[in-house]
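An overview of the molecular structure
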Amino acid sequence: MIRGDDVLRILAKSDIGKAREMNQDSYYISDLEKDEIKLYILADGMGGYKGGEIASSLAVANTRNYIINNFKRTKKDRESILNLLKNAIEYANMSVYEKAKEDEELHDMGTTLDVCLIYNNKVFIGHVGDSRVYRIRKNIIRKLTSDHSYVEKLVKEGTITKEEAYNHPKKNMLMKALGCNSLVEPDVICKGFLKDDILLMCSDGLTNMLRDNEIYNLLLNNPDNPEEALINNANNLGGYDNITVIIIDNIDICDETKER
């Protein structure tokens, strides 16, 4: 899917992968021709047959609705917009949590959630789980989010190296997810989004298959269809999970003298 105007180029695709019977990833991208808000959301669901699909779709829909319904009345300073994202994620968390309590078959469902809202040369990010947001700037790829996973905890503690984390048997164990408890504490951050910057949002179906440098090379060496290249390569390496990518290419906006 491609949507573009004189500001951004958006590419997004979700793929079931090679091993799963159902795609439990969900995503949302703003329509640049109609929507006032540049909003992008990705969720990777989990929890039994259909549970993950329900959790991720609920999380995406409720986050989107909360932000769209409250953006106009929100002050446009950094703290207020970050609070808007935080409140939206908490609202979505409660919607998933309450749905799980209603149905015994859905008791174990949950989802990751990443939200990117682009406003005034900045990207405001909300994050829960181990889906990721990257930024490519001046030939450097940087992970902007920190995985809420057991393995990431071990890396931060110095117990294992980043290299050891790639093949750790518990690398998919989450320390935090949306909908598993009545309360969730999302990470909310603000980063600069300048001319020629690229944002990549992705589920772990991509990052479990490809290292960061491989992701960077595929993005830069396939300018016409980078989303296809990323998903095809992940599938060629096994495609053990659903794979979803959203690419936000800042092709013609922002003054690089603006504050980062």
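A quick note: this is a predicted structure, and the numbers were derived from the prediction, not measured.

1. Description of a negative patch on the surface
A cluster of acidic side chains, namely Glu102, Asp103, Glu104 and Glu105, defines a negative patch on the protein surface. Here glutamate 105 shows up in the loop between helix H2 (78-102) and strand S5 (110-111). On the basis of relative accessibility, which here comes to 70%, the residue glutamate 105 falls in the exposed class.

2. Some thoughts on the packing of aromatic side chains
With the rule as written, the count across this model stands at two aromatic pairs. Judged by centre distance (5.4 Å) and plane angle (40°), the ring pair of tyrosine 66 and tyrosine 91 falls under tilted. In this pair, tyrosine 66 sits in helix H1 (residues 51-70) while tyrosine 91 sits in helix H2, placing the two residues 25 residues apart along the sequence. Relative to tyrosine 119, the ring of phenylalanine 71 has its centre 5.8 Å away and its plane inclined at 75°; by these criteria the two rings are edge-to-face. Note that phenylalanine 71 is positioned in the loop between H1 and H2 and tyrosine 119 in strand S6 (residues 113-119), a separation of 48 residues in sequence. The class of phenylalanine 71 is buried, set by a relative accessible area of 10%. Its end group placed over the ring of phenylalanine 71, lysine 76 keeps NZ or CZ at 4.7 Å from the ring centre. The positively charged end of arginine 211 is found above the aromatic ring belonging to tyrosine 166, 3.8 Å away from the centroid.

3. Topic: the side chain of arginine 135
With respect to the helices and strands, the residue arginine 135 is situated in strand S8 (residues 132-137). In terms of polar contacts, arginine 135 uses its side chain to reach the backbone carbonyl oxygen of glycine 192, at 2.9 Å. Not counting residues up to four positions away in its chain, the partners in contact with arginine 135 are Ile140, Ile141, Arg142, Leu144, Lys191, Gly192, Asp197, Ile198 and Leu199.

4. Things to note about the packing of H1 against H2
Between two packed helices, both the angle of their axes relative to each other and the distance between the axes serve to describe the pair. Close contact between H1 and H2 brings their axes to 8 Å; oriented N to C, the two are set at 140°. Between H1 and H2 the crossing geometry is right-handed. Judged by residue contacts, Ile54, Ala55, Leu58, Ala59, Asn62, Thr63, Tyr66, Ile67 and Asn70 of H1 engage Leu84, Leu85, Asn87, Ala88, Tyr91, Ala92, Ser95, Val96 and Lys99 from H2.

Cut-offs used in this document
- Residues numbered from 1 in each chain as written.
- Predicted model: local features only at pLDDT ≥ 70, side-chain atom pairs only at ≥ 80, totals over all residues.
- Heavy atoms only, no water.
- Patch = residues over 30% accessible without salt bridge, like charges linked within 9 Å, V, L, I, M, F, W, Y side chains within 5 Å.
- Areas by Shrake-Rupley, 256 points an atom, 1.4 Å probe, with all protein chains shown as cover.
- Salt bridge = Lys/Arg side-chain N within 4 Å of Asp/Glu carboxyl O.
- Lys, Arg positive; Asp, Glu negative; His and termini not counted.
- Charge placed at Lys NZ, Arg CZ, Asp CG, Glu CD.
- Helix = DSSP H or I, 4+ residues; strand = E, 2+ residues; numbered from the N terminus.
- Buried < 20%, exposed > 50% of the residue type's maximum accessible area, 1.4 Å probe, protein only.
- Phe/Tyr/Trp six-rings, centres within 6.5 Å; stacked < 30°, edge-to-face > 60°.
- Lys NZ or Arg CZ within 6 Å of the ring centre and 35° of its normal.
- Polar contact = N/O pair within 3.5 Å; in protein donor to acceptor, adjacent residues only side chain to side chain.
- Contact = heavy atoms within 4.5 Å.
- Axes fitted to C-alpha atoms, helices over the stretch in contact; angles between N-to-C directions.
- Left-handed = near helix turned anticlockwise from the far one by under 90°.

Everything listed is a geometric property; what it means functionally is a separate question.
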